[in-house]
Structure formats: structure tokens, C-alpha cells
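Inside the fold
Residues per chain, in single letters:
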Amino acid sequence: MKKFITKTAVTFMAFTSLLFAGAAVSSNNNSAHADTIQQFDTVYSVAKAQLGTPYVYGATGNGGFDCSGFTSYIYKNSLGITLPRTAQEQYNASTKVSRSNLQKGDLVFFGATKSSIFHVGMYIGGGKMIDAQNRGVIREKIHTPWWHVVGYGRVA
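Below or above, wherever it landed, is the structure these notes cover.

About the thresholds
- Residues numbered from 1 in each chain as written.
- Predicted model: local features only at pLDDT ≥ 70, side-chain atom pairs only at ≥ 80, totals over all residues.
- Heavy atoms only, no water.
- Pairing = 2+ DSSP bridges.
- Helix = DSSP H or I, 4+ residues; strand = E, 2+ residues; numbered from the N terminus.
- Axes fitted to C-alpha atoms, helices over the stretch in contact; angles between N-to-C directions.
- Expected span 1.5 Å × (residues − 1).
- Buried < 20%, exposed > 50% of the residue type's maximum accessible area, 1.4 Å probe, protein only.
- Polar contact = N/O pair within 3.5 Å; in protein donor to acceptor, adjacent residues only side chain to side chain.

In space, the six strands of this open sheet follow the order β1-β6-β2-β3-β4-β5, with antiparallel pairing throughout. Each having just a single partner strand, β1 (95-97) and β5 (136-141) make up the two edges of the open sheet. Taken pair by pair, the neighbouring strands of this sheet meet at an average axis angle of 40°, ignoring direction. Here strand β2 (residues 107-113) runs beside strand β3 (residues 116-125); their pairing, made up of six bridges, is antiparallel. Residue pairing in the sheet places T113 in a bridge with S116 of β3.

Spelled out as C-alpha cells, the structure:
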């Protein structure tokens, strides 16, 4: 009986600790979200200025972009954040988020699988992204017949 009471007390204390830790993390996320909105406005401003820029495979600016060149460019020229060069490398380096936790400024990755990513765009809200693709830099819906979403990532 003494072992049962001890195990129950330890379990209760562990559960209570996790509950309070979860509340602390949750409140920290809310205060960080305001910073994220400001950062999104900055990044989106740089991204919007590139609307209509043509798609050029392997390009990172100066008249053209490919998808990962575009996301690298907008984060470097707005917040000074250097992203890896390819969509796959950006996916691997990002902090993964679920669709339900997707926020403006997060990256959206497309491909066959999580190890075969071939496209990336930046989420801008309302189910849309801004990206560089064969029609140049445009705003478009994320969920379309021609894109297969593989995952979402947050830039640190």
C-alpha cells in the first residue's frame, strides 16, 4: 500500500509539473506571436516588392528567382536571416509546425515525400502563399491540384 501511495504521489507531481510547464510555454507563444507579426510584415514587404519577377532556375535575385532562392532572398533582405540554398535543405533546417499551428511567415514545402521536397513558398494567410514558380513571383493558394503539401516549417 505504501508503494501505491508513493507512486500515485509521484505521478501526480509529475503531471502537475507538466501542466504548469505547458501553461508557461503557451503564454510564451502568445507574446512571441506579436514579434512574429511584426517580422512577417517586414518579410512580406520585401516579398511583395518582387511580385512579377520572372522564374529562373537556380537564381537568387538580380532579375529572377527559383523558389528557394526567393525565400532565401526575402529572409536575408528583411531580417538578415540566412536560409540554406535548396527547398529540401530549408525544410531540414526549419522548425516543423503543424497545419493547425501555421502562422504568416512560415514556409510551406511541397514534394513527393519529406525527403523529396522540390518547392517552397511563404505562407501569407488565408490559405495563400507567395512563391516563385514557372509564372514568376506570385500569390496563390497552397492547396491546389498541382501542389502536394509535405510539411510546414518556421524560420528561427
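There is more to say, and it comes next.
Another aspect to go through is helix α2 (residues 67-79). If you check α2, its first and last C-alpha atoms are 18 Å apart, about what 13 residues at 1.5 Å a residue would give, namely 18 Å. All of the buried residues along α2 are C67, S68, G69, F70, T71, S72, I74, Y75 and S78. G80 lies just past α2 and shows a positive phi near 75°.

We now examine the side chain of Q133. Locating Q133 in the fold gives a position in strand β4 (residues 128-133). Take Q133: its relative accessible area is 5%, and that puts it in the buried class. Among the polar contacts made by the side chain of Q133, one reaches the side chain of E140 at a distance of 3.0 Å.

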